[in-house]
Amino acid sequence: MNIVILGAGAIGSLFGALLSKKNNVVLIGRSIHINAIKKENLIIEGFTQFKNKIPAVHSISEIKICPDLIIITVKSYDTESALKKARNIIDKNTVILSFQNGLDNIDKIGKIAVRKQIIAGTTTHGSIFQKPGLIKHTGKGKTVIGELDGRKTGRIMKILDVFNEVGIETKFSKNILKEMWIKTIVNSSINPLTTIFQCKNGYLLENPLLENIVKKVCEESTKIANSEGIYLSIEDMYQKTREVIDDTSENYSSMFQSYKKGKKTEIESINGILIKIGKINDVDITINNILLYIVNSMVN
Ligand code: PAF
């Protein structure tokens, strides 16, 4: 399969490396990372061991293949601009798979591409961008993908095979929108709290005070989901969050990694969207609001 990874950061590079074992993969990313891959290799350390020079470019105009699949792993605030640049390589059969954090990416992609071309996925793999050309796979997580309307189509089964064949253990979800909500609820505590307290994910369960805040955020975010007709239990969401923290205990969350690099964070697509929905549905948003306020005041 011809695959373009739009956004070769930590997770995009990890998936790209694994997929390149059996597919034609091209990575698109920032010049400094792409130049390191071109000059040396793309190296993955940790749970995955990989060292190879895979095709990598920093501009869409350099892409010579027509992709069957575009995997979007850019930060949520870059979705529209990245996809606008990719317009020329999208044809009517290209499938666009979003693997991003947050709840607003499908609508952003839908402004540029035809909605029926879009599928979505979530993953809890932990990975860290160590330095240009070098990624560390810090936590083996779970990956699910699905059609937005829940159908088990031929294309989704094909993509599942492509992922599983290269060792990215992936399951089909007949309710990927619900999975995206679950991921967002999990991210709504882990990402801002690890950023504010500048710690690894695992520390959130080592410190009783933080453990309690994680619980409170889970509760508020789950109530917001419920107010939107996404029925999830608070206890399940808290257990799920604990599981992700355990699986990725050695990881620095993507939000903390962005903060450390002095980059914009995805707080608006995670807690920000939860706050917007909570306000519309008249449910409590206090804790999400505080987290958003603190993270935004740290980065500005
Ligand atoms: O955004 C992240 O960092 C990841 O979604 C996760 C699973 C919290 C691991 O760090």
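To keep things clear, this report deals only with the structure shown in the data block. (Residues numbered from 1 in each chain as written. Predicted model: local features only at pLDDT ≥ 70, side-chain atom pairs only at ≥ 80, totals over all residues. Heavy atoms only, no water.)

With that out of the way, let us pick up the packing of helix H6 (residues 176–196) against helix H12 (residues 286–299). At a closest axis distance of 10 Å, the pairing of H6 and H12 adopts a crossing angle of 40°. Judged on the interaxial angle alone, H12 and H6 are oblique. Two packed elements cross with a definite hand, and for H6 against H12 that hand is left-handed. Here H6 contributes Ser188, Pro192, Leu193, Thr195 and Ile196 to the contact with H12, which in turn contributes Asn288, Leu291, Ile294, Val295 and Met298. (Axes fitted to C-alpha atoms, helices over the stretch in contact; angles between N-to-C directions. Helix = DSSP H or I, 4+ residues; strand = E, 2+ residues; numbered from the N terminus. Parallel < 35°, antiparallel > 145°, perpendicular 65-115°, else oblique. Left-handed = near helix turned anticlockwise from the far one by under 90°. Contact = heavy atoms within 4.5 Å.)

Time to look at the pattern of salt bridges. Counted by the stated rule, this structure contains twelve salt bridges. Notably, a salt bridge pairs Arg115 with Asp107, separated by 3.7 Å at the nearest N-O pair. On the basis of relative accessible area, Arg115 is assigned to the partly exposed category, the value being 44%. A network of salt bridges, in which partner residues are shared, links Lys142, Glu243 and Asp247. (Salt bridge = Lys/Arg side-chain N within 4 Å of Asp/Glu carboxyl O. Buried < 20%, exposed > 50% of the residue type's maximum accessible area, 1.4 Å probe, protein only.)

Turning to the site of the ligand, a few remarks are in order. Contacts to the ligand come from Asn101, Lys183, Asn187, Ile190, Asn191, Asn201, Val244, Asn251, Ser253 and Ser254. At 3.1 Å, a side-chain N or O of Asn187 approaches an oxygen atom of the ligand. About the coverage of the ligand: the protein hides 95% of its 280 Å² of free accessible area. The biggest single contributor to the shell around the ligand is H6, with four residues. (Near = heavy atom within 4 Å. Polar contact = N/O pair within 3.5 Å; in protein donor to acceptor, adjacent residues only side chain to side chain. Areas by Shrake-Rupley, 256 points an atom, 1.4 Å probe, with all protein chains shown as cover.)

What is shown is where atoms sit, not what they do.
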